[in-house]
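Below, each chain spelled out in residue letters.
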Amino acid sequence: MRRVSIFGATGSIGQNTIDLIARAPDDYDVVALTGAGNIAQLAQDAIRLGADVAVTADETRLQDLRDALAGSGVAAAAGTDALIEAASRPADWVMSAIVGAAGLEPGLTALEQGATLALANKESLVCAGELILRTARKHDARLLPVDSEHSAVFQALVGEDMSAVERVIITASGGAFRDWPLENLAGATLEQASAHPNWDMGQRITIDSASMFNKALELIETREYFGVDPAKIEVLVHPESLIHAMVGFHDGALMAHVGPPDMRHAIGYALSWPDRSHLPVERLDLAQIGALTFRAPDDARWPALRLAREVMARRGLAGAVFNAAKETALDGFIAGTLRFPQMAEVVEEVLNTLDPGLIDAAMTLDNVRHADQMARHSAQHIIEQL
Ligand code: NDP
């Protein structure tokens, strides 16, 4: 039996992970499940899967969680320290699917106890890639990508030598506003930005798909995860979302990973790696699909991509600043205080005006936290001035 924990169990990735685990209950011993606001879902899954502990990140909800778990034998806990404690419980495989920079510390803790970390929380790599990789190496822990593009690259690289890689192409659907006239973007509503054409995901990543901040994070994630020179990483708009990524080799071959837009594929691959398991995902009928289309990304529509390239050139803690500014700007859009195009403007201004010393500091957890906090303050201040 493999001991597994799921951080962000109540979210879109967490629920897809539970779907796979619940299909083979005898194979898994569930250690910890975590969530934040959705106590009913957290308690229901923790009881169903027989978890040792259920943790909510929201301390004010501890009593609700205790009530929901009463008599079940599942322990209840709440708050950031409880998340870290849960991550330190021995597990063989840990899903990191908390949304945002809040996923960083539980992920690092899981690596410190030597677990295999299935990483959906791309923000961890963007904020602190070097720290994550260093921690994994030090504790002989394995990191497996769960983002569909990075899982696709990972699969295309099986048996290959990185020195033969000429380019890595990650695809993007283009999100909700791919075909909108540019002048309409300023009037985009939260509801419109929250509707993804192909993927069913959490609200924040769905809005980030419309702005391409999601792809911007993934550009940085690709550099961090695979150690690829940013000049060799391309973004390709592919409205059908069936090819998730391609790897180009120096003999001209392009290896593409093709599959339905269903995160259970990438999660299942990380769960069964290095083997493949039978997965309950749609089998594509390519004759029926008929055609796949591609186009180059439009810099005017998606300034986030340009910003990501600047962040990669800047290195240091620029990723932590970028992500924190992006999260704050996204909060502003969700709260209705920012218009859709203003998110990128706020992030750019934070990158341009924040004390460069913060970005050049060494990559320690304290410095990442500090850069994150300063960037959030700066972004908030800029939003208030608008
Ligand atoms: P969701 O918003 O659906 O779920 C987020 C999870 O994190 C929920 O369990 C939520 O709890 C919990 N959570 C929210 N805030 C906090 C916090 N401050 N501290 C601890 N836990 C918190 O997100 P997704 O599942 O869509 O995405 C999760 C991660 O996976 C993100 O990093 C995203 O970029 C990445 N990802 C997602 C994909 C997808 O298809 N959804 C694809 C590829 C990557 P609750 O719901 O109980 O409030």
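Owing to the predicted nature of the structure, the values given are computational and were not obtained by experimental measurement.

### Comments concerning the site of the ligand
Here's step 1: As a structural note, the neighbourhood of the ligand is formed by 25 residues, with Thr 10, Ala 36, Gly 37, Glu 123 and Asp 147 the closest of them.
Here's step 2: In this structure, an oxygen atom belonging to the ligand sits 2.8 Å away from a main-chain N or O atom of Gly 37.
Here's step 3: Coverage of the ligand by the protein amounts to 83% of the 900 Å² it exposes when considered alone.
Here's step 4: For the shell around the ligand, the secondary-structure elements that each account for two or more residues are helix H1 (12–22) and helix H6 (122–138).
Here's step 5: Looking at the shell around the ligand residue by residue, the class counts come to 13 nonpolar, nine polar and three charged.

### Overview of a negative patch on the surface
Here's step 1: Negative charge collects at one region of the surface, where Glu 160, Asp 161, Glu 166 and Asp 251 lie side by side.
Here's step 2: Structurally, the position occupied by Glu 160 is in the loop between helix H7 (148–156) and strand E8 (165–172).

### Let's talk about the confidence of the model for the protein chain
Here's step 1: When pLDDT is averaged along the protein chain, the result is 97; 100% of the residues meet or exceed 70.
Here's step 2: The element-level mean pLDDT for the protein chain is lowest in helix H16 (residues 356–360), coming to 95, with strand E3 (residues 53–56) highest at 99.

### Topic: the sheet that holds strand E5 (residues 93–96)
Here's step 1: Read from one edge of the open sheet, seven strands run E4-E3-E2-E1-E5-E6-E7, paired in parallel fashion. Edge positions in the sheet fall to strand E4 (75–78) and strand E7 (143–145), since each of these pairs with one other strand and no more. When the angles between neighbouring strand axes are averaged without regard to direction, this sheet yields 20°.
Here's step 2: Of the pairings in the sheet, the one linking E5 to strand E6 (residues 116–119) comprises four bridges and is parallel in character. By the bridge assignment, Val 94 is partnered in E6 with Leu 117.
Here's step 3: Packed onto the sheet, H1 meets strand E1 (2–7), strand E2 (28–35) and E5 and runs at close to 155° relative to E1.
Here's step 4: In the packing of helix H11 (residues 263–272) onto the sheet, the strands contacted are E1, E2, E5, E6 and E7, and the crossing angle to E5 comes to about 155°.

### Thoughts on the side chain of His 196
Here's step 1: As for its placement among the helices and strands, His 196 is situated in the loop between helix H8 (190–193) and helix H9 (203–211).
Here's step 2: Among the polar contacts listed, one links the side chain of His 196 to the backbone nitrogen of Asn 198, at a separation of 2.9 Å.
Here's step 3: Here Trp 199 takes part through its backbone nitrogen, which lies 3.0 Å from a polar atom of the side chain of His 196.

### Digging into the sheet that holds strand E9 (residues 233–237)
Within a sheet, neighbouring strands are paired by backbone hydrogen bonds and run either parallel or antiparallel to one another.
Here's step 1: Read across the open sheet, the four strands follow the order E9-E8-E10-E11; overall the sheet is mixed. Only two strands of the sheet have a single partner each, and these edge strands are E9 and strand E11 (254–258). Each adjacent strand pair in this sheet contributes to an overall mean axis angle of 20°, direction not counted.
Here's step 2: Bridge count for E8 against strand E10 (residues 243–249) is five bridges, and the pairing is antiparallel. Pairing of Val 168 across the sheet is with Val 247, part of E10.

### A few points about the packing of H7 against helix H10 (residues 213–226)
Here's step 1: In contact at an axis separation of 10 Å, H7 and H10 are set at 30° when each is read in the N-to-C sense. In terms of their interaxial angle, H7 and H10 are classed as roughly parallel. As H7 packs across H10, the resulting crossing turns out to be right-handed. Only Lys 215, Glu 218, Glu 221, Thr 222, Tyr 225 and Phe 226 of H10 make contact with H7, whose side of the interface consists of Glu 149, His 150, Val 153 and Phe 154.
Here's step 2: By residue class, the composition of the contact of H7 with H10 is four nonpolar, two polar and four charged.

### Considerations on the pairing of E4
In the case of a regular strand, side chains alternate between the two sheet surfaces.
Here's step 1: The sheet contact formed by E3 and E4 spans four bridges and is parallel. Of the residues in E4, the one forming a bridge with Ala 54 is Ala 76.
Here's step 2: Considered for its hand, the β-α-β crossover made up of E3, helix H3 (residues 62–69) and E4 is right-handed.

Definitions and limits used
Residues numbered from 1 in each chain as written. Predicted model: local features only at pLDDT ≥ 70, side-chain atom pairs only at ≥ 80, totals over all residues. Heavy atoms only, no water. Near = heavy atom within 4 Å. Polar contact = N/O pair within 3.5 Å; in protein donor to acceptor, adjacent residues only side chain to side chain. Areas by Shrake-Rupley, 256 points an atom, 1.4 Å probe, with all protein chains shown as cover. Helix = DSSP H or I, 4+ residues; strand = E, 2+ residues; numbered from the N terminus. Nonpolar A, V, L, I, M, F, W, Y, C, P; charged D, E, K, R; others polar. Patch = residues over 30% accessible without salt bridge, like charges linked within 9 Å, V, L, I, M, F, W, Y side chains within 5 Å. Salt bridge = Lys/Arg side-chain N within 4 Å of Asp/Glu carboxyl O. Lys, Arg positive; Asp, Glu negative; His and termini not counted. Charge placed at Lys NZ, Arg CZ, Asp CG, Glu CD. pLDDT = per-residue confidence, 0-100. Pairing = 2+ DSSP bridges. Axes fitted to C-alpha atoms, helices over the stretch in contact; angles between N-to-C directions. Contact = heavy atoms within 4.5 Å. Parallel < 35°, antiparallel > 145°, perpendicular 65-115°, else oblique. Left-handed = near helix turned anticlockwise from the far one by under 90°. Right-handed = clockwise from strand over helix to strand, strands pointing away.

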